[in-house]
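Structure assessment
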Amino acid sequence: MDLIKELIEGSRLALARSITAVENEYDNAIDIMKAIYPRTGKARILGITGAPGAGKSTLTDKVVKHYLEQGKRIGIVAVDPTSPFSGGAILGDRIRMNDLTLNENVFIRSMGTRGSLGGLSKKTADVVKLMDAFGMDLVIIETVGVGQSEVDIVKNADTTLVVLVPGLGDDIQAIKAGILEIGDVFAINKADRDGCDKLNVEIEMMLDLDSRELDWRPPIKRTIASKDEGVDELVEALDEHFEYLEDSGELAARRAERTRDELVAMINEQIMRYVHEHVVESDAFKQDVAAVNTRTNDPYSVVNAVLEKSLKR
Ligand SMILES: Nc1nc2c(ncn2[C@@H]2O[C@H](COP(=O)(O)OP(=O)(O)OP(=O)(O)O)[C@@H](O)[C@H]2O)c(=O)[nH]1
Ligand SMILES: [Mg+2]
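Residues numbered from 1 in each chain as written. Chains lettered and ligands numbered in written order. Predicted model: local features only at pLDDT ≥ 70, side-chain atom pairs only at ≥ 80, totals over all residues. Heavy atoms only, no water.

**Focus on the coordination of the magnesium ion (ligand 2)**
At the metal site, the magnesium ion (ligand 2) is ligated by S57 (OG) and E142 (OE), and these contacts range over 2.1 to 2.4 Å. Of the two residues, S57 is situated in helix α4 (residues 56-69) and E142 in strand β4 (residues 138-144); the sequence distance between them amounts to 85 residues. E142 matches S57 in its accessibility class, with the two residues each being buried. (Donors = N, O, S within 2.8 Å, 3.2 Å for Na, K, Ca; no water. Helix = DSSP H or I, 4+ residues; strand = E, 2+ residues; numbered from the N terminus. Buried < 20%, exposed > 50% of the residue type's maximum accessible area, 1.4 Å probe, protein only.)

**What to know about a nonpolar patch on the surface**
There is a patch of nonpolar side chains on the surface, built from L263, I267 and I271 and spanning about 280 Å² of accessible area. Positionally, L263 belongs in helix α11 (residues 250-280). Note on L263: relative accessible area 48%, which makes it partly exposed. (Patch = residues over 30% accessible without salt bridge, like charges linked within 9 Å, V, L, I, M, F, W, Y side chains within 5 Å. Areas by Shrake-Rupley, 256 points an atom, 1.4 Å probe, with all protein chains shown as cover. Salt bridge = Lys/Arg side-chain N within 4 Å of Asp/Glu carboxyl O.)

**Digging into the nonpolar core**
The biggest cluster of nonpolar side chains holds 31 residues, and the ones touching the most others in it are L59, V64, I74, L161 and L234. Sort the elements by how many residues they give to this core and helix α10 (residues 231-248) lands first, with 8 residues. If near-sequence neighbours (up to four positions away) are discounted, V64 is found in contact with I74, I76, L100, V106 and I140. Counting 30 residues, the second-largest nonpolar core is a separate cluster that includes A21, I45, V127 and I141. (Core = buried A, V, L, I, M, F, W, Y, C linked by side-chain atoms within 4.5 Å. Contact = heavy atoms within 4.5 Å.)

**Regarding the pattern of salt bridges**
Taken as a whole, this structure holds 18 salt bridges when the rule is applied. With its nearest N and O atoms 3.5 Å apart, the salt bridge here joins K5 to E9. Between R44 and D239 there is a salt bridge, with its nearest N and O atoms 3.0 Å apart. Linking R44 in strand β1 (residues 44-50) with D239 in helix α10, this pair joins segments that are 195 residues apart in sequence. Residues participating in the shared-partner salt-bridge network are D61, K62 and K65.

**Notes on the packing of helix α2 (residues 12-23) against helix α6 (residues 120-134)**
Two elements in contact, α2 and α6, have axes separated by 10 Å at closest approach and are oriented at 160°. Taken together, α2 and α6 sit at an angle that is classed as roughly antiparallel. Crossing hand, α2 versus α6: right-handed. Across from R12, L15, S18, I19, V22 and E23 in α2, the residues of α6 making contact are K123, D126, V127, L130, M131 and F134. Partitioning the contact of α2 with α6 into residue classes produces 7 nonpolar, 1 polar and 4 charged. (Axes fitted to C-alpha atoms, helices over the stretch in contact; angles between N-to-C directions. Parallel < 35°, antiparallel > 145°, perpendicular 65-115°, else oblique. Left-handed = near helix turned anticlockwise from the far one by under 90°. Nonpolar A, V, L, I, M, F, W, Y, C, P; charged D, E, K, R; others polar.)

Okay, structure coming up:
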């Protein structure tokens, strides 16, 4: 197919079209993903998450500029699970990276839910793969951290940066939402504000509570993203984490686990789709429901029979 050929040859338009196809589940999406799959697995994937307005985009902008100086090519996927918009719609408002959009070594795409949260993590993973196959050295996933959906989204990353802000009253903001466990590196952004020491202590305490025996203790870096302060040290910490992943074999392990999770999720989805179309909608199932309801059959026997029949086909 021409689109795939153009994508591989480096056409940005082809990349944009492929992303749209995946996002909207067009008929050619699976063919595209199949064709590019062998070319994936090369890019380093960085997740950036944190509370709304924490400065994730400002920080991303600075981090990206840092890697651009090293001659790297970078893809950015800005995911907002609370927004129904995607494509270019929220770029202006939420992504403070306007001068990056013109850089030929950067490709930015924003994604919203379009009403369905369920598939967002999978779609994010596919968009990351498209950028990876396109030849990006680094793919950044920026997502607003409020709950489980964000955690699922950043699980697509090798390294996760959690951005926190001092002085938000009842601190430890995102930590309750399980964000802490996924942080490999922490940034206390808006370090020009009061309360950095307090927040630092709180994060350290939470890390101390982590009972897992980890070889990597997540470092905490202070940044003022809007003034580009502390970003060099932050990037250093991100690089160190990636080196740690590679040297310890953890990168291969994490990616293998991700592959496994992706396969399980895809199989689950297909089975659910099958069950819905061929079982739930069938007349036979109506009779099964009635039989269970009148106690002439029991649910366990019905489920067994349905599974046996479905799996045989
Ligand atoms: N004082 C101060 N303001 C900052 C700093 N970093 C970012 N800001 C400002 O904080 C606001 C939010 O920044 P964004 O980068 O859009 O934050 P975000 O986390 O991407 O926001 P959402 O994507 O909407 O969740 C902007 O007005 C930034 O200029 C900082 O270090 N200090
Ligand atoms: Mg943002």
